[in-house]
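Single-letter residue listing:
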Amino acid sequence: MWCRRLGWLFKAPSQPRGSTRHGSPWLPGDRRTVPAAPARCHHTASESLKCAWQLHGDHLELRYADTLMRFDFVWLRDHCRSASCYNAKTNQRSLDTASVDLAIKPKAVRVDETTLFLTWPDGHVTRYGLEWLVKNSYEGQKQQVMHPRILWNAEIYRQAQVPSVDCRSFLETDEGLKEFLQNFLLYGIAFVENVAPTKEDTEILAERISLIRETIYGRMWYFTSDFSRGDTAYTKLALDRHTDTTYFQEPCGIQVFHCLKHEGTGGRTLLVDGFYAAEQVLRRAPDQFELLSKVPLKHEYVENVGDCHNHMIGVGPVLNVYPWNNELYLIRYNNYDRAVINTVPYDVVHRWYAAHRTLTTELRRPENELWVKLKPGKALFIDNWRVLHGREAFTGYRQLCGCYLTRDDVLNTARLLGLQA
């Protein structure tokens with residue numbers, strides 16, 4: 001699970017700062033309003049005993065739905081959803097956060113079966129639904145994932161029998177588009193069949209879900225082995241698994257491939273779920289996973305071919321995680337484009353190499369390799385933040401077209417269709 005904690009980073013102190021608890025037990029009480037300031041600590045609970053709260057010097061401790069939560073007083077004032085503090089029509093904060101006294105404390109606290117009530121020194125009353133607090137507390141977020149996914153190796157993906165979506169259904173119906181996006185969000189890859197084998201039709205396909213991202217390679221590109229760009233991809237050589245544009249500060253989110261023609265042999269496309277491989281590292285060697293998520297590296301693209309002159313540098317760790325729940329959201333893995341390692345002190349470098357070797361071993365396990373033969377009419381969408389791709393060497397003339405898509409627009413399209421993205 002991606003919800004394993006980075007415990008060393010968020011380890012709670014044995015005695016919270018400003019605490020006045022001194023080891024007092026949690027006790028049920030009545031539901032009356034209790035003045036906050038005079039007493040050192042307070043206990044209360046609803047009649048069902050599902051909720052109990054206690055004040056400390058600088059925060060409120062609340063237990064509800066089997067979750068123990070701690071809320072800083074400034075946080076509780078800042079997130080008030082009253083009409084004067086929050087615009088429910090625009091879903092935007094109206095309260096000026098900088099105007100909140102950093103030493104603020106509630107004047108009174110009350111809890112009933114569903115709601116927490118806080119009265120502030122100026123008389124303003126803040127109301128929070130208990131369910132809302134569970135969902136939006138730090139402790140609640142640690143138990144959730146931002147992006148539900150199905151991690152896969154080759155056998156898992158084949159057994160799932162994930163269907164391709166017909167081009168007409170994809171372009172003309174919300175049902176077809178939603179099915180495609182659900183497949184893409186869960187597995188990081190998705191296919192569209194019966195696409196006319198032209199760059200123009202592939203462009204129409206891509207624009208159905210996103211804006212096309214303009215890069216140094218242009219908007220829509222043709223791709224063949226003419227070495228027209230300073231990149232190994234523009235050859236007939238085999239390519240090991242990798243993610244693209246690691247040398248961008250923000251690597252491209254989605255990549256589209258459509259094989260328009262191949263007169264020859266070989267050239268199968270390799271797909272590997274980088275998140276599945278990283279999960280194996282997390283289970284077997286959590287210290288190495290942590291190292292790969294913390295050490296920043298440079299990747300670069302140096303090109304001096306014809307009129308193309310580029311030197312791009314992107315910086316980031318191999319594994320990028322949300323720190324509150326250790327959920328992986330981006331893998332930056334490209335051994336071709338990794339620059340000189342000069343951002344890591346000598347006493348860390350060897351441990352990083354060992355961790356990188358562990359991840360590489362997982363990525364190269366044959367059981368994790370999904371091989372696909374791209375043919376005219378079958379377009380492939382790849383989550384470039386998750387799924388690594390490569391290819392076997394080929395002979396003859398092989399032409400692909402494709403593009404990069406802006407990630408936010410793809411996710412926005414999915415959310416508008418009611419999907420969690």
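This text goes with the structure placed above it.
Along each chain, numbering runs from 1 in the same order as the chain's sequence is written. Totals for whole chains, interfaces and linings use every residue, but because this is a predicted model, local features are given only for residues with pLDDT of at least 70 and side-chain atom pairs only at 80 or more, for both listing and counting. Side-chain metrics rest on all non-hydrogen atoms present in the structure, leaving aside hydrogens and water.

Another point: the sheet that holds strand 22 (residues 370-372). We call two strands paired when DSSP finds no fewer than two bridges between them. To qualify as a helix, a DSSP run of H or I must reach at least 4 residues; to qualify as a strand, a run of E must reach at least 2; elements of each kind are numbered from the N terminus. Strand order in the open sheet formed by 4 strands is 15-24-17-22, with antiparallel pairing between adjacent strands. For this open sheet the edge positions go to strand 15 (239-242) and strand 22, each flanked by a neighbour on one side alone. With strand direction ignored, the average angle separating the axes of adjacent strands in the sheet is 20 degrees. Where strand 15 lies against strand 24 (residues 387-391), 2 bridges are found, and the strand directions are antiparallel. Bridging from a neighbouring strand, histidine 242 pairs with histidine 389 of strand 24. Its contacts with the sheet place helix 8 (residues 274-284) against strand 17 (269-273) and strand 24, and it is angled at close to 40 degrees to strand 17. Axis angles are defined between N-to-C directions and span 0 to 180 degrees, where every axis is a line fitted to C-alpha atoms and, for a helix, only to the segment in contact. When checking whether two residues touch, look at their non-hydrogen atoms; a contact exists if any pair is within 4.5 Å.

A separate point is helix 10 (residues 346-363). For a helix, the expected span equals 1.5 Å multiplied by the number of residues minus one. With 18 residues, helix 10 extends 26 Å from end C-alpha to end C-alpha; this agrees with the ideal 26 Å at 1.5 Å per step. A simple rule labels every residue: compare its accessible area, found with a 1.4 Å probe on the protein chains alone, to the largest value its type can have, and call it buried under 20%, exposed over 50%, or partly exposed in between. Along helix 10, the residues that are buried comprise Val348, Trp352, Ala355, His356, Leu359, Thr360, Glu362 and Leu363. One side of helix 10 holds all its buried residues, which, seen down the axis, span an arc of 145 degrees. Opposite its buried face, helix 10 presents the exposed residues His350 and Arg357, each directed more than 90 degrees away. Note: the arc covers the axis-to-C-beta directions of the helix.

Between two packed helices, both the angle of their axes relative to each other and the distance between the axes serve to describe the pair. Relative to each other, helix 6 (residues 174-187) and helix 11 (residues 407-416) sit at 125 degrees, their axes nearing to 10 Å. One way to sum up the angle between helix 6 and helix 11 is to call them oblique. Here the hand of the crossing between helix 6 and helix 11 comes out left-handed. Contacts between helix 6 and helix 11 involve Leu177, Leu181, Phe184 and Leu185 from the first element and Val410, Leu411, Thr413 and Ala414 from the second. Lys, Arg, Asp and Glu make up the charged group, whereas Ala, Val, Leu, Ile, Met, Phe, Trp, Tyr, Cys and Pro make up the nonpolar group; the residues left over, Gly among them, are polar. Here the residues of the contact of helix 6 with helix 11 sort into 7 nonpolar, 1 polar and no charged. Oblique is the label for any angle not covered by the other classes, which are roughly parallel (under 35 degrees), roughly antiparallel (over 145) and roughly perpendicular (65 to 115). Crossings are assigned a handedness: left-handed for a near helix turned anticlockwise from the far helix by less than a right angle, right-handed for a clockwise turn.

Our next topic: the packing of aromatic side chains. Stacked, tilted and edge-to-face are the three classes applied to pairs of Phe, Tyr and Trp rings, where Trp contributes its six-membered ring and a pair requires centres within 6.5 Å; stacked means planes under 30 degrees apart, edge-to-face means over 60, and tilted covers the rest. Inspection of the entire model under this criterion finds 19 aromatic pairs. Where phenylalanine 170 meets phenylalanine 180, the ring centres are 4.9 Å apart and the plane angle is 80 degrees; that geometry is what we call edge-to-face. Of the two residues, phenylalanine 170 sits in helix 5 (residues 167-172) while phenylalanine 180 sits in helix 6, which places them 10 residues apart along the sequence. For phenylalanine 170, a relative accessible area of 0% gives the class buried. Taking relative accessible area as the criterion, phenylalanine 180 reaches 1% and is therefore assigned buried. A centroid spacing of 4.9 Å and a plane angle of 25 degrees characterise the contact between tyrosine 247 and tyrosine 301, whose relative ring orientation is stacked. You can see tyrosine 247 sitting in the loop between strand 15 and strand 16 (254-263) and its partner tyrosine 301 sitting in strand 18 (residues 297-305), a full 54 residues away along the chain. With relative accessibility at 3%, the residue tyrosine 247 sits in the buried group. By the ring-pair criterion, three or more aromatic residues cluster together here, those being Phe71, Trp75, Tyr128 and Trp132.

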